[in-house]
Structure formats: C-alpha cells, structure tokens
Protein chains: 2
Amino acid sequence: MNSVDQLCVNTLRFLAVDAVERARSGHPGMPLGAAPMAYVLWTRFLRHNPRNPAWFNRDRFILSAGHGSALLYALLHLSGYDLPLEELKQFRQWGGMTPGHPEYGHTPGVEATTGPLGQGFAMGVGMALAEQFLARCFNQPGLPLVDHYTYALVSDGDLMEGVASEAASLAGTLRLGRLIYLYDDNHISIEGETDLAFTENVRCRFEAYGWQVLRVADGNDLDGIDTAIRAAQAENQRPSLIIVRTHIGYGSPKQDTADAHGEPLGPMPLRATKEALGWPLEPSFLIPEEALGHFRGAVERGNEWETKWEALRAAYRRKYPELARQLDQAMDGELPAGWDADLPVFRPEERPMATRTASGKVMNALAGRLPGLMGGSADLAPSTRTTLIGYGDLGFDEACGHNVHFGVREHAMAAIVNGMALHGGAIPYGATFLVFSDYMRPALRLAALMQTRAIFIFTHDSIALGEDGPTHQPVEHLMSLRAIPGLTVLRPADANEAAAAWRVAIQRRGPTALVLTRQSVPVLDPHRYPVARGVLRGAYVLAEAENGDPELILVATGSEVHLALAARERLASQGVRARVVSMPSWELFDEQPPEYRRQMLPSRVPRLAMEAGISRGWRDYVGDAGDVIGVDRFGASAPGDVVYEKLGFHVDRVVERALALLRRS
Amino acid sequence: MNSVDQLCVNTLRFLAVDAVERARSGHPGMPLGAAPMAYVLWTRFLRHNPRNPAWFNRDRFILSAGHGSALLYALLHLSGYDLPLEELKQFRQWGGMTPGHPEYGHTPGVEATTGPLGQGFAMGVGMALAEQFLARCFNQPGLPLVDHYTYALVSDGDLMEGVASEAASLAGTLRLGRLIYLYDDNHISIEGETDLAFTENVRCRFEAYGWQVLRVADGNDLDGIDTAIRAAQAENQRPSLIIVRTHIGYGSPKQDTADAHGEPLGPMPLRATKEALGWPLEPSFLIPEEALGHFRGAVERGNEWETKWEALRAAYRRKYPELARQLDQAMDGELPAGWDADLPVFRPEERPMATRTASGKVMNALAGRLPGLMGGSADLAPSTRTTLIGYGDLGFDEACGHNVHFGVREHAMAAIVNGMALHGGAIPYGATFLVFSDYMRPALRLAALMQTRAIFIFTHDSIALGEDGPTHQPVEHLMSLRAIPGLTVLRPADANEAAAAWRVAIQRRGPTALVLTRQSVPVLDPHRYPVARGVLRGAYVLAEAENGDPELILVATGSEVHLALAARERLASQGVRARVVSMPSWELFDEQPPEYRRQMLPSRVPRLAMEAGISRGWRDYVGDAGDVIGVDRFGASAPGDVVYEKLGFHVDRVVERALALLRRS
C-alpha cells in the first residue's frame, strides 16, 4: 500500500472508530476491517457527485451492513458531501445527521435505510432492476442515459438472511450484470465464529444463483480489490459477489473477536489500535490534509461526470424529444399532465366485480400514461390481477418490459420494490395475497420509515377467500398494517373505490397498501355516491339516513360495506334510520380536520363497525357505547360465502346487533 | 412399474383429483405428479403407526407443499389413519376434517400446518433438530430410543422462499443427517415456467449448504425413487435433497402447464386423465381392494414397529431409570413435579435490572429442572441473554447440548422452534430483538394457529433501546403481536414479573411472546406487590390509591409501569389519588371474568394508559374519556434515556396529562 492510500484508509478507520468512541455506542469492528475496500470503491470506481447527491445516473452505493454507519459517514464527509465533521462528532445523538444506522432522507448521500440485515442487499437488487428497466426502455444507441452500477457492502449477517437469498436468486435469473457486491468476510458474528451457524460454501451458493464470484484473499490488498472490481464491471450478464477476507476490528486488541463488533473499543484498546496502525493518538477525528485532498477529488470528478452526462442528455433530448420528456418526468418523479385521464369509471349495471379485478383494469388503464408504472407479483399474477397486458416482461431480453416475475419471494419483492422506488424513474408495485404481507413486514416497515413511493397490492383480503382455509385467510393483517406508522392502507369497497384508491397510491408521498377482495362485490353508482372524493378523505357518508338524521351509523370497509348497505335497507324497513359510512382508509380519515371527522362519526349517534378482520382498534371510531362485528379467531376452510356467513357476516346478525346497540343506547 | 404399484399410485392420484373435483376447489396438479414418490416413501420407508399417530419415535412426514393436501389425505386414509373416505368427499367443506391446506391438530397424522410456502421446509428442520437433541441427550449404546427420520415433500415455491434458504443452510451446518426431503421438481409455477423467476442451480445451491443432493430423472421411476431414499438414509452426516423430476398434472390434458396447479381439472379433462392413465371413469373415489390391502399393510407394520420400540423402551427403563423418567416426561409434555422450585425471587434491594437480564437468570434456573428446555437466538444471544450456561451447544459433536446458534435467521428460527415444539420432547425457545419479530411473523402466525408450545423471547422492546435508532426501535410491534389470535404476549415490568411471565410461558398451552427491556428497571418488591399472582391474571393493582378509592387509574406495561409509579407519587403529593395497574398481558386479562376486569379498570374512573408503542388498541381499556401516552411515530437515534424523554416518557408529562384528564372528567 502506498503512503497516501494507507493514510486514507486509516483516516476512514479512525474517523469511524473515534465517532463510536465518542458516542460510547456503535460498531467499530466493521469499519476497521472494511475500510480498505470502501476506500478503493469510493476513490477509484464510484461515479457520484458529492455536490449533487441526487444526480440521476450516479452509481448507487448501499451499506447493507448498516451497523457500520460510521464508515459511511466518514466516506461522505471526506468525499465532500454536505456532512460536516461536527456531525461525525455528534454520532448517534439526538437531532444529529449521523444516526446509529444509515437513514435515507436524513443524511445526504445515504441511498437507503439499512440496519435490519438483508434489506440493503435486496434493495440494491431493486436499484439495479430499476436501472435495467430504464436502460431498456429509454437508452438509445450511443446515448446510454442510464448505465450506472449498483454497489453494496454486505456482511455475513446479510447473507444469512432469507431475504438476501431470495433477492440473489432473482438477480441471477434477471442477469443484473451491473450489480456488484463486496462481501466483508470476517468470519465473526455476534455469537462467535461464523462457523457456529454458517458453514456453507458462499462461493458455490452464489455461483448456483448465476452470479460471478470473485475473491480477494487479503482485505488490505488494495490492488486485489481493484482488480476484482474491474473484473466485476467487465461482466455484464451476471451480478458479481466479491468475497473479501477481512479481519473484524483490524489492528485492535479485539481483532478477530466478536467483542470488536458492537461496542466502542474503549480508551486503552483504542490507543493500542492507533499505535498498532501508526496513527497519532491525538487529536481524535484527525484528517490529514493529504488524505482530505485525495478524497475530495471526488467533487471535481463528480462535477465532470455529471456535466458529461448532461451533455449526453441534451443530445438525447434533441434526437428523442418525446422519450426525453417521458424520461425527464420519470426521473423527476413528476406525474405527466392528464396521467389519470383514462382512470376507468365503473357502472353499477356491470356485473359485480372483485376489487382485485377492478384494480387490474385500473392499472392497465394507468400504464398507458405512466411510463414508470412497473412491477409484479410473487408468483400470483393471475390471482392478484397485476399483469400489465402488452407491456412485456423485464429481464429476459433487451426489450423494455414492465412486468417482473418475482417468484415465490414476497419478502425480496417488497425490498426490491423499495429499491426501485428509491432509485427513481419507476413507480413500482408488488403484489401477493394479504395473508402473505407477513412475509414482507421488515421491508414494509422500511418503506414506511423511508417514505418510498412503493405500492403494495394485497388481494384475497379476508376469510371470504374461502376454501384455502385459515393459512390463507387474513384476520389480523389489516390491523397489523395499520399499525405501521407512515403506511397508508386502503381497503376499497368496490370497483370505483378501487380506482380512487389507485389515485391515492399514485399521488401520495410514502407507501400505500391496497387491500382487495378475491370475491365479487357490487359496483356502487359513482353518480349517486361521492365515491371518488370520499375515498380521498378516508371515510365518507355513502348512504345517509332517510331524513338526514341518523339514529345509528354503520361503519364498514371493503366488502363489508355492502353488508352495511343491505342492513341499512332492512333496518329502514323496520323504521330505523341508519347511515352507512364507507371507511376505506383510517390513515386518510385521521388526517381530516376534527370537524369532518365529527360529522362522519358524531359521538352522540351509536355506531356499529363491521370488518372481516380483528375488531381491536375499531373502538377509536365506535366509542365505548358502540359495537364491532369482526373476526377475532382464525378462519376455516370452506366455500367463501359459507365461511363468511358462519363467522357472522350476514344481514340478520348485523341487524340484530344494530337493534341491540340501539336498545342499549 | 408392476401392477400393484401402478394401481396404488393411481389410487392416490384419483382420490386426490376426485376430491378436488367434487369440492370444485383445490390443487390437482401436484398429486398427479408427486403420487409416485409419496407412494414409495409411505409404503416402503415411512415408519409410522396409523393406529397411533402420536407414537413418539415415528418418522415425521411434512407436506411442505401444503396445497397438495388432497394427496396427504389420500395417503392417510389409505394407510389406515382415522380419516374416513367420507371425509375426502367433504374436502374443503365447513366442519370437515380435510381443510384446503393440512392443519395440525385437525386431522390425525398431519404433523404440521402447511400452505404458506417455506414453512414446512423449515419446520422439518426443527423436527430433525429436536430428534438430534433428544438422541444426543437420551440415547444410550444399543438403546436408540429416538432415531427416526424426518421427511418432507417440497416444491419449487418452498425452495424460493427465504425461510427455506435459512433453514437449509442451518441444517447443513448442524449436520442433520436424518433429514430427507423430496423435491417435486415440476418446472411449473403459477405464473408459468419456473424459468421465469427461478433459474438457479438447485443442486449446487444445496451442495453449497452442505447437503447431499440426489436426483431421480423420472418421477414415475419407483425404483429410482427407492434407490435415492436408501442413499439418503445411508448418509448420516448430511441432510439429503432428492430432486425428482415430475410433471405437474401428469396424465391430464393440462400436464406441464400452470393451469394444472390450482383449480379442478373440470369434468372433461378429468375424464381424459382417467382414460389416459387407464383408470375407470366411474365411480369416483374408487379404491381397488388390492390397493387398499397394500396400503393398509402400514397398520400391521406400524404396530410391530411400535411394539419393538416399547420393548426397547422397557429395556431402557430398566437400565437408565432416571433418564427414562426424564424422557418419559419430556415425551408426554408433562412438567416434572417441582419444575418451578428454583424460580428466582428478585429483591428490590438488588440493583435495577433489565427484564432481559432477569429472564436470562430465570431460564438458567429453570434449565436444571426442565431437561427439555432448549433453544437459542438469531445471533444475538449475548444481547438477548438467552444462553443456558453450562448446557452445551447442539449440533457440533455427539454431546447433549441445549443451546442452538440459529445465525442471523430470525424467520427460520421461529419456524424451527415450531418444528421442535411439534416434535415434542423439547420446550423450545427462540430469541431476537422485538423489532425483528417482523421477520418471523409467518411462523409466529403458524405457532398461534397450531397452538404449539413455542416460546419467543423479544428483547430491546422499545425506543428506550436508544442509539441503534428507528430501524431497531420497535413501535408497532407490541400491537401487531397482540393482533395475532392465540398468541399470548407478556411484557413484564420488572424482574419478578419476568419470572412470572416465564411461568406462564412454560405452563400455557399455545405460544407465548416475552417482551423484555434492554434497559435496567427497578425491581418491585414481591412481598409488597402481588406480582406473581397478578401476572397470571394479565393485569393487577400494583399500587392502590391511598384510601383505596382512586380518582384516576394509571395503566402501564413493562418499563412504563415505573413511570406510572413515579407519576402516582407525584400526583399524591398534589392530593390526587391514583391507582397504578400493571398490565403485562392483554390476552390473559381478557380471559378474566368480567367482574375482575371491572374491578381493575372500573369505567367510572378516568384512565390514563402509557406504553412505549403505538396507542391504537388501548381505547378498549381506557374508554372514550381516557387518554393514552404512546409512540405514534418512528423513534430516533440517541441515547435511550434521551429518546425516551424526548418522545414524552417522563413524569412531568404523565402528570400533566393525568391532571388534564381529571379536569375533563
């Protein structure tokens, strides 16, 4: 290692370790071991512009081993991102820019929120897939506007997580040749040697997935790392995994032990580490001028790259003005004017229609005006109705394709959708049955935390799906999804509410979950009911009591809205004036002004809620005096209409409960 | 194929397909393709006793591809289990014994509930691990009381799921040589050819995990299947995957298409299939005498096996009476007398202690009297405090070990814990941070559906974990876990509540989740407070208002109980009489008689709840007039006490909200 290289690597190491020490909290082991590969990647390969972290064609870098955040912050600061040294000194402190794990949207240059292992790995696959999508749909001969690499630094913990396995297998299938992962192979996990739990042959496993696997025997061998990254770049069909043998806590007395992983070295071991690596003991947070100068070359290079790319873009605009306009909008995340012009309006004369079916029609109508709309299902496209017909498959030839076959990999699907949303240029969706949202939760949570514009489509939304039985019948899922802060959940009651829900999904900042029926439900008359406006507010009066003065309110979501409507009719015939409130989204409703909320659900009127899911949570809307018809048990295998009725979803029961409620009030 | 074999295979095929046809719902494709391997396994290898499905040393068989349930029901009926043919005719109907996917506890001979893909694969690993555990702890020379195989039939969907990848890697590491999986390699998934999403080299991938991989080129080649299973049995270090090339919908007009997968063949194609395979068109549900006789040989063989095993057991009892007593108890799932004699009592004079630490002490105290207690963590044992000290590691030599290193594989951990619980003989636990319960949800749900005695330990239970930040700080998780029907969630307030929570976990039927703090909390005086009894009831009066007549009730769980106690003191100094109710478990509380619940939380007294998680759901306990201090946003990275206070968990705020509540009331 020459002296500048050595100086730079150690600058990274000790900025990170000093930050951890000062915070009295954090992970010093990984930065000490992985600094050399991070250094080589960031100073010799990574095409980025520290002065414009949003430059569209930058290479993406994800620290999937998010616990090594201090290393990333050191890289960002040294490379010239808007992250002052002072912030490194505030590592892991309230109000700072350097949280314990990297957070997207919080620190310039952080491409994804990581920490929960495996997520970064899979989001990187999503970024590479978005790149492939845009490249195939927009690049033209001699004008490769989108052609960056996606890099990640991954740990053994990432590789053990199932979500990474799923994503890796898909990345191999889809031949994401511009995906390059560096594996920090340090042989240590928290419980001890990785051999305790992880003796697999990583090389063979990834070759089996269709990856190119390269190896660097010594993590301090900068030339070796350099050569491997070049070989990875040269391979354009297979993703590359570069296994770099490192030593956790390199240079410290705790080297090669689990103790180096998750707590500060401590003053004496830190001192010993600095001595061992020939680093001045004082001051801490030392940045030698020479090292800074070397790292900051990134600013000028970044400017040049972006300038060159802007020239390419200008040429592209001249030659392909229409495509350029589309691409510009996609990159900016703007919606084209008239994007919703083809949004279908469904008529009650049509036959009853499952909301999943309506959703499929809506998506296909939107696709024509939203060139970024793309995604797929976890091997359930025929059931989730999520194929964009005539828009091709992505990943099998050089053609532009919008449909992704995720395979039976719900978790990776969600993380990949997150990665695609983070990348930009795409409006990605992922679909499966509602019950399998459980497989996706870690990624759904990150979507909510990052506020990605990710659309999750969940069909087969209740016990009414029938014969497949309790393993496939969601019960607790609606409430569990609503529990995630920042996730907007919509459960439309009919085809027109489904169309309105899609409008929300496309327009809203942050992730949305569309929860859709398997079974057919009647189509509400959009001219009679204020469906489109109503959905936007989360809840609305679908059918008012006859004289406008309800003595009872029936609140429902999704398929149960029709039950409420039927009960209202029956009650009317018995002289009871009931209002039906359709409430497709709690989150949207909770955002409304108090006055609107009071109008919809006045506390003086008894309220009966019905939803084919657990009743917990509804108390907020029906009050102490109200009642809830829910499903507080697992379902059962039988035809859908039988299960629905046996578990209490029929007009007689609703009317009975409504009358009992009235008597009590 | 000789004629009896042929007859038996086709009997299986058409029983299954006729059941699907009659139900007008189900999956005919898999049974048609996989019947031959199921036939060979069940009639030539599987050691089981149809007349006693609970025989402890039976081979386990899991249909991981649970959608092929009709095949399993056919096998069970034909082999002589208590599953009448009439029940096959009631496939997927209300009240029947043959639900759409196999359900443990519902149908004799069904070893695990499957359907959500990957779960059966991972539960099988758990069964094999429980077998290994018991074998190493109890078997003696010449007396192998536990030495069965664990088989599963798995599909490409199983192999795509991350949970299966995790479990497979661990099974290789732990050298589960008695695990034998048959892979129904039919090249078809729901969206079409598996090549759309799944081009990996399965053989190389599993060899990389350390498995033996065998291949049968023709799924109808009974001898080939036979030879492969023999080779799998002969390998006692490595788990075996037998890749059997099959044809979905074999013999039908839909053979080798996705259409054969998930819907009845339909009358004409069914007729064509019967013709193609030389089967009488009528009657449906035909069982030729010769086939029945052949299958029913299982009854006599089963009886012989069990009789032989009982003889072995008798010899074991004579030679190792003490071990035999322990093993008997373990197999019966009984708790030894005095199992709780060493349960620690913590004293308030002790320093404040994290409930995770108390839990670790409790577990270690229990281990001495509960020989079946075993489990581990997803590479967080030092943090979750779940090591059983001095009880050895499982899987690395022939010694008895109780500690499992699951690796960073939360999802497989949970499914493996389920498998171990289903197997019996073990009282298994799995531990990680609460936020990562998200990774485990599909398996947690199955635990609840199956009511396995599985113990899930979740530490680092709130924003108070501090610096690791929002990716690691649970917010919605308590409520999401409570949303799962049949899962008992306990969040103890201190060391003594933690001990009582463990008592519940050990004694209760069904799964429990123990939710524990990272940070220290004071120890409540067990002589002053009715902690042990109180926890059993889910909620109890920890500190009554001075005159026994509260004007306010503070309800809290876990670490927030101490905040409530502090607020009560402060309120008392201001002349306000407040009761503190500690509420470690909603599920237990909800089971109490109404009178008890009214006593604890009388509706006439204003109630203020506090919990460091989302407030949704608490309305059921505080009522319209009440108030909730919760966390309805993601957390932040900073020292734990700072985050806790910044997000509103400090006495001033509680007192302020309490007084405001009193003013409103």
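Residues take numbers from 1 onward in each chain, read along the sequence in its written order. Just so you know, chain letters begin at A and ligand numbers begin at 1, following the order they were written in. Local features in this predicted model are restricted to residues whose pLDDT is 70 or higher, and side-chain atom pairs enter the listing and the counts only when it is 80 or higher, whereas totals over whole chains, interfaces and linings include all residues. As a rule here, side-chain values come from all non-hydrogen atoms in the structure, and water together with hydrogens is ignored.

A. Representation of the overall build of chain A within the structure. Within chain A, the secondary structure is distributed over 25 helices and 20 strands. For chain A, buried positions account for 69% of its 665 residues. Areas reported here follow the Shrake-Rupley algorithm with a probe of radius 1.4 Å; residue values treat only the protein chains shown as occluding. By element, 47% of the accessible surface of chain A is carried by carbon and sulfur atoms, the whole surface being about 20600 Å². Counting 65 positive and 78 negative side-chain charges, chain A places the centres of these two groups 5 Å from one another. Put simply, DSSP marks the helices as runs of H or I at least four residues long and the strands as runs of E at least two long, and each gets a number from the N terminus on. Buried, partly exposed and exposed residues are distinguished by accessible area as a fraction of the type maximum, computed with a 1.4 Å probe on protein chains only: under 20%, between the cut-offs, and over 50%, respectively. Positive charge is attributed to Lys and Arg, negative charge to Asp and Glu, and no charge count is given to His or to the chain ends. In this description, the location of a charge corresponds to atom NZ of lysine, CZ of arginine, CG of aspartate or CD of glutamate.

B. Expanded view of the interface of chain B and chain A. Each side of the interface is counted separately: chain B has 98 residues, and chain A has 98 residues. Put simply, buried area is how much 1.4 Å-probe accessible surface two parts lose in total, over both of them, once they are put together. The three residues of chain B that bury the most area against chain A are Trp 94, Glu 191 and Arg 445 of chain B, which together make up 11% of that side's buried surface. Counted as salt bridges are all cases of a side-chain nitrogen of Lys or Arg within 4 Å of a carboxyl oxygen of Asp or Glu. The interface formed by chain B and chain A includes 12 salt bridges. In this structure, Arg 92 of chain A engages Asp 468 of chain B in a salt bridge whose closest nitrogen and oxygen atoms are separated by 2.9 Å. Whenever a nitrogen or oxygen atom comes within 3.5 Å of another N or O atom, the pair is scored as a polar contact, on the condition that within protein one atom can donate a hydrogen and the other can accept it, and that pairs from neighbouring residues in sequence are kept only if both atoms are in side chains. Applying the counting rule to chain B against chain A returns 55 residue pairs in polar contact (both at pLDDT 80 or more). Partitioned by chemical class, the residues of the side of chain B that touches chain A number 44 nonpolar, 29 polar and 25 charged. In what follows, residue pairs with any heavy atoms lying within 4.5 Å of each other are defined as contacts. Think of it as three bins: nonpolar holds Ala, Val, Leu, Ile, Met, Phe, Trp, Tyr, Cys and Pro, charged holds Asp, Glu, Lys and Arg, and polar takes everything else, Gly as well.

C. Examining unusual backbone geometry more closely. Of the consecutive residues Glu 282 of chain A and Pro 283 of chain A, the connecting peptide bond is found in the cis state with omega at -10°. Mapped onto the secondary structure, Pro 283 of chain A falls in the loop between helix 10 (267-276) and helix 11 (289-319). Its identity as a non-glycine residue notwithstanding, Arg 24 of chain A has a phi of 55°, on the positive side. With respect to the element layout, Arg 24 of chain A can be found in the loop between helix 1 (3-23) and helix 2 (29-45). In this structure Arg 24 of chain A comes out as exposed when scored by relative accessible area, which is 73%. Even without glycine at this site, Gln 451 of chain B takes up a positive phi of about 55°. Mapped onto the elements, Gln 451 of chain B comes out in the loop between helix 16 (437-450) and strand 12 (455-459). Residue class for Gln 451 of chain B comes out partly exposed when judged on its relative accessible area of 22%.

D. Molecular detail of the pairing of strand 3 (residues 179-185) of chain A. Residue and element names in this part refer to chain A. The buried count for strand 3 comes to seven of seven residues, which makes it a mostly enclosed element. Across the two faces of strand 3 the burial is the same, with Leu 179, Tyr 181, Tyr 183 and Asp 185 and Ile 180, Leu 182 and Asp 184 all buried. Each pair of strands is called paired provided DSSP finds at least two bridges between the two strands. Note that strand 2 (residues 150-155) and strand 3 share six bridges and pair parallel. Bridge pairing links Ala 152 to Tyr 181 in strand 3.

E. Structural context of the environment of Asp 82 of chain B. Residue and element names in this part refer to chain B. Here Asp 82 shows up in the loop between helix 3 (69-79) and helix 4 (85-89). Separated by 98 residues in the primary sequence, Asp 82 and Ile 180 have C-alpha atoms spaced 26 Å apart. Leave out the neighbours within four places in its chain, and Asp 82 touches Met 97 and Pro 108.

F. Layout of the side chain of Thr 107 of chain A. Mapped onto the secondary structure, Thr 107 of chain A falls in the loop between helix 4 (85-89) and helix 5 (119-138). Side-chain polar atoms of Thr 107 of chain A contact the backbone oxygen of Met 97 of chain A, separated by 2.6 Å.

G. Representation of the state of the cysteines in the model. Cysteine sulfur atoms that pair up within 2.5 Å are treated as a disulfide. For the structure shown, the criterion picks out two disulfides over all chains. At a sulfur-sulfur separation of 1.9 Å, the disulfide partner of Cys 137 of chain A is Cys 400 of chain A. Taking the sign of the torsion about the S-S bond as the criterion, the disulfide between Cys 137 of chain A and Cys 400 of chain A, at about 80°, is right-handed. One end of the pair, Cys 137 of chain A, is in helix 5; the other, Cys 400 of chain A, is in the loop between helix 14 (381-384) and strand 10 (403-405), and 263 residues separate them in sequence. Among the residues examined, Cys 137 of chain A registers a relative accessible area of 14% and is labelled buried. Cys 400 of chain A gets classed as partly exposed once you look at its relative accessible area, which sits at 32%. Between Cys 204 of chain B, a cysteine without a disulfide, and Cys 204 of chain A, which holds the nearest cysteine sulfur, the sulfur-to-sulfur distance is 7.1 Å. Accessibility expressed as a relative area gives 29% for Cys 204 of chain B, which makes it partly exposed.

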